[in-house]
Amino acid sequence: MTPAQILLLASAATELLSMLIPAIQTVVAGGTVPAERQLAIQARVDRLRATLGELPAHWRVDVPPDGP
Amino acid sequence: MRHLSKLIACMLVLIGPLGCKTQLETPGVYNGDRVLYDADLTITTAFTLIDSVLLWESNNRELLSAIPEIRKACDKIRLKAPPILQAAINARDAYSENRTTENRLTLDGALSLARSVANDAASILQDHGL
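These numbers were taken from a predicted model, which means no experiment stands behind them.

(A) Representation of the overall build of chain A within the structure. For chain A, the helix and strand inventory stands at two helices and one strand. Accessible area of chain A: about 4100 Å², with a carbon and sulfur share of 63%.

(B) Region of interest: the overall build of chain B. Across its full length, chain B holds five helices and one strand. The buried share of chain B, reckoned over its 130 residues, is 50%. In chain B, once contacts between residues fewer than 6 apart in sequence are set aside, the share between residues at least 24 apart is 67%. Taken as a whole, chain B presents about 6200 Å² of accessible surface, with 53% of it coming from carbon and sulfur.

(C) Representation of the layout of surface pockets. The volume enclosed by the second largest pocket comes to roughly 160 Å³. Together, Arg44(A), Arg47(A), Leu48(A), Thr51(A), Pro56(A), Thr44(B), Phe47(B), Thr48(B) and Asp51(B) line the second largest pocket. Elements that contribute at least two residues to the lining of the second largest pocket include exactly helix H2 (35-53) of chain A together with helix H2 (34-59) of chain B. When grouped by side-chain class, the residues that make up the lining of the second largest pocket number three nonpolar, three polar and three charged.

(D) Geometry of the nonpolar core. Ile50(B) and Ile77(B) are the most contacted members of the largest nonpolar core, which has 43 residues in total. At the level of elements, helix H1 (3-28) and H2 of chain A together with H2, helix H4 (68-97) and helix H5 (101-127) of chain B are the ones that each hand at least two residues to this core. At 13 residues, H2(B) tops the list of elements feeding residues into this core. Not counting the four nearest positions on each side in its chain, Ile50(B) is found in contact with Trp59(A), Ile77(B), Ala81(B), Val117(B), Ala118(B) and Ala121(B).

(E) Quick look at the environment of Leu36(B). Residue and element names in this part refer to chain B. Looking at where Leu36 falls in the secondary structure, it is placed in helix H2. Counting along the chain gives 21 residues from Leu36 to Glu57, while the straight-line C-alpha distance between them is 32 Å. Excluding residues within four positions of it along the chain, Leu36 makes contact with Tyr30, Arg92, Tyr95, Ser96 and Arg99.

(F) Focus on the packing of H2(B) against H4(B). Residue and element names in this part refer to chain B. The geometry of H2 relative to H4 is characterised by a closest axis approach of 10 Å and an angle of 160 degrees between their N-to-C directions. Between H2 and H4, the angle is such that the two are roughly antiparallel. Once H2 is placed against H4, the crossing between them reads as left-handed. Along the lines of polarity and charge, the residues of the contact of H2 with H4 split into 18 nonpolar, two polar and five charged.

(G) Structural detail: H5(B). Between its first and last C-alpha atoms H5(B) spans 38 Å; for 27 residues at 1.5 Å apiece the expected length is 39 Å, and the two agree. For H5(B), every residue scored as buried is listed here: Asn103(B), Leu107(B), Ala110(B), Leu111(B), Ala114(B), Arg115(B), Val117(B), Ala118(B), Ala121(B), Ala122(B), Ile124(B) and Leu125(B).

(H) Region of interest: the side chain of Asp51(B). Structurally, the position occupied by Asp51(B) is in helix H2. Notably, Asp51(B) is buried but unbridged: the nearest opposite-charge side chain belongs to Arg78(B), and the N-O separation is 8.7 Å. A polar contact is formed between the side chain of Asp51(B) and the side chain of His58(A), at a distance of 2.6 Å. Other than its neighbours up to four places away in sequence, Asp51(B) contacts His58(A) and Trp59(A).

(I) Representation of the pattern of salt bridges within the structure. By the definition in use, this model includes twelve salt bridges over all chains. Arg92(B) is the partner of Asp93(B) in a salt bridge, and the nearest nitrogen-oxygen pair spans 3.2 Å. Judged by relative accessible area, Asp93(B) falls into the partly exposed class, the value being 25%. Connected through salt bridges with shared partners, the residues Asp46(A), Arg49(A), Asp40(B), Arg92(B) and Asp93(B) form a single ionic network.

So, how was this worked out
Residues numbered from 1 in each chain as written. Chains lettered and ligands numbered in written order. Predicted model: local features only at pLDDT ≥ 70, side-chain atom pairs only at ≥ 80, totals over all residues. Heavy atoms only, no water. Helix = DSSP H or I, 4+ residues; strand = E, 2+ residues; numbered from the N terminus. Areas by Shrake-Rupley, 256 points an atom, 1.4 Å probe, with all protein chains shown as cover. Buried < 20%, exposed > 50% of the residue type's maximum accessible area, 1.4 Å probe, protein only. Contact = heavy atoms within 4.5 Å. 1 Å grid on protein atoms, 1.4 Å probe; cavity = no way out; pocket = protein on both sides within 12 Å on 5 of 7 lines; lining within 4 Å. Points joined across faces, edges and corners; volume = space filled by probe spheres on them. Nonpolar A, V, L, I, M, F, W, Y, C, P; charged D, E, K, R; others polar. Core = buried A, V, L, I, M, F, W, Y, C linked by side-chain atoms within 4.5 Å. Axes fitted to C-alpha atoms, helices over the stretch in contact; angles between N-to-C directions. Parallel < 35°, antiparallel > 145°, perpendicular 65-115°, else oblique. Left-handed = near helix turned anticlockwise from the far one by under 90°. Expected span 1.5 Å × (residues − 1). Lys, Arg positive; Asp, Glu negative; His and termini not counted. Salt bridge = Lys/Arg side-chain N within 4 Å of Asp/Glu carboxyl O. Polar contact = N/O pair within 3.5 Å; in protein donor to acceptor, adjacent residues only side chain to side chain.

Nothing here speaks to function; it is geometry throughout.
Here's what the structure looks like:
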C-alpha cells in the first residue's frame, strides 16, 4: 500500500470508530439503567426485526456479472 | 489504529455472559429481568458492530480493494449474520413468552452465536492491523 492509501485507511478506521461510539456508550454505561433507557433498548430490538426483514444495501452480497 | 480492534474486543467482552454490574430501574419494560435486558443489549450491540463494519467496508470499497480479503470476509458475514441475529431474536421472544430453563439455554446458545459473528466482524479489523 502507498502512504496515501495508508492515510486514507486510517481515516476510514476513524470513521468506523465514530460510528461505533454510541454502541460503546450504551454497553459501558454502568449503575442503574433508567426506565427510559430500557425502553430505548427494547425499541432497538423492535427496529432490528424490521431491518432483518428488509436488509439495507450494504448488507447485500454483490454477485459479479460473470457469476459468483 | 490497533486500538480500534482492541476497543471492539473489550465491547464484546462487556456484552458477554458476565455482563456489567448494572441494575434495572423498576418499573421498567423488563420488570427487573436482567436476562432479557442482557439479551437485548447483546443482540442490538452485535448488530450495531456488524452493521458498522459492513457499512464502513461498503463506503470505502474502492480504497479497501487494495486488501481484497476484507471484502471477502465481509461478504461471508453478510451471508452468515442475518439468520444468526434472527435466531437470537426468536430465542429472545420465546424466553420472554415462557421463561423456562430450556428456553434460557436456547437463548444462551443463540446469544453466543451472535457474539461469535460480531467477533468475526471485529477480527476483520484486527487481522488487517486496524
